[in-house]
Amino acid sequence: MKKFLVITLVTLGSALFTNVNAQEIADNAIGLRLGGSNGFGPEISYQRAVGSDNNRLEFDLGWRNHKHYDIVKLVGLYQWVWNIEGGFNWYAGAGAGIASLDDDRIGDPYNDGAYILIAGDIGIEYNFDIPLVLTLDLRPEIGFNDYDTIDDLAPDFAIGVRYQF
């Protein structure tokens, strides 16, 4: 009975220790995020771990290209990260950003200008044994501008690759 108890405690202890280590996120990560909804384009993405829990900040600076307009935007998000199993994590977050719109069409309601946006974020990531992470996420955004297509909810699907350090 004593052997069974010791084996059980060692097994549970090692499982908990492994699970805690698997949930740790990198202090920093930098890379690219490719996707979009109001146009397609790349974003330079930087993540920074904050606090003792698996929380982080993400900053994305990107460009979106559409048939009639271009958008440059900077978005900041606060994310909560949870481990699924092994190197798989899922995350959710919220944030805000600013953007600049350059429209090549003439007349009202087509206008250039800056606007603000709010965003949510939900995704899944895989951390490899090397310092590389792949992500797939959805970042719905609501822009506040007089521009018709930017005012609406815009789902922003993207894939990403980041180097962790």
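Before any of the text, the structure's been laid out above.
Read on for a plain summary of the structure. (Residues numbered from 1 in each chain as written. Predicted model: local features only at pLDDT ≥ 70, side-chain atom pairs only at ≥ 80, totals over all residues. Heavy atoms only, no water.)

The full count for this structure, using the stated rule, is 13 salt bridges. Between Glu43 and Arg64 there is a salt bridge; the shortest N-O distance is 2.9 Å. Placement of Glu43 in strand 2 (residues 41-50) and of Arg64 in strand 3 (residues 55-65) is noted, with a sequence separation of 21 residues between them. For the pair shown, Glu43 and Arg64 are each scored as buried. For Lys73, the salt bridge identified is with Glu141, shortest N-O distance 2.6 Å. With Lys73 in strand 4 (residues 69-85) and Glu141 in strand 8 (residues 141-144), this residue pair connects regions lying 68 residues apart in the sequence. No difference in accessibility class separates Lys73 from Glu141, as the two residues are buried. Here the residues in one salt-bridge network are Arg33, Glu43, Asp60, Arg64, Lys73, Asp137, Arg139, Glu141 and Asp156, joined through shared partners. (Salt bridge = Lys/Arg side-chain N within 4 Å of Asp/Glu carboxyl O. Helix = DSSP H or I, 4+ residues; strand = E, 2+ residues; numbered from the N terminus. Buried < 20%, exposed > 50% of the residue type's maximum accessible area, 1.4 Å probe, protein only.)

On to the nonpolar core. Judged by nonpolar contacts, Tyr69, Ile71, Val75, Leu77, Ala99, Leu101, Tyr115, Leu117 and Ala119 together constitute the single largest core of nine residues. Among the elements that take part in this core, strand 4 stands out by supplying four residues, more than any other. For Ala99, the residues in contact, after removing those within four places along its chain, are Ile71, Val72, Lys73, Gly113, Ala114, Tyr115 and Leu117. (Core = buried A, V, L, I, M, F, W, Y, C linked by side-chain atoms within 4.5 Å. Contact = heavy atoms within 4.5 Å.)

Two numbers describe a pair of aromatic rings. These are the distance of the centres and the angle of the planes. For the coordinates displayed, the defined rule picks out five aromatic pairs. Ring centres 4.8 Å apart and planes at 85° place the aromatic pair Tyr126 and Phe128 in the edge-to-face group. Aromatic rings pair up to connect Phe88, Tyr126 and Phe128 into one cluster. The side chain of Arg56 reaches across the aromatic face of Tyr91, ending 5.0 Å from its centre. (Phe/Tyr/Trp six-rings, centres within 6.5 Å; stacked < 30°, edge-to-face > 60°. Lys NZ or Arg CZ within 6 Å of the ring centre and 35° of its normal.)

Along the chain, Leu117 turns up in strand 6 (residues 113-127). Overall, the relative accessible area of 3% leaves Leu117 in the buried class. Expressed as a C-alpha distance, the spacing of Leu117 and Glu141, which sit 24 residues apart in the sequence, is 6.5 Å.

In short, shape yes, function no, at least from these values alone.
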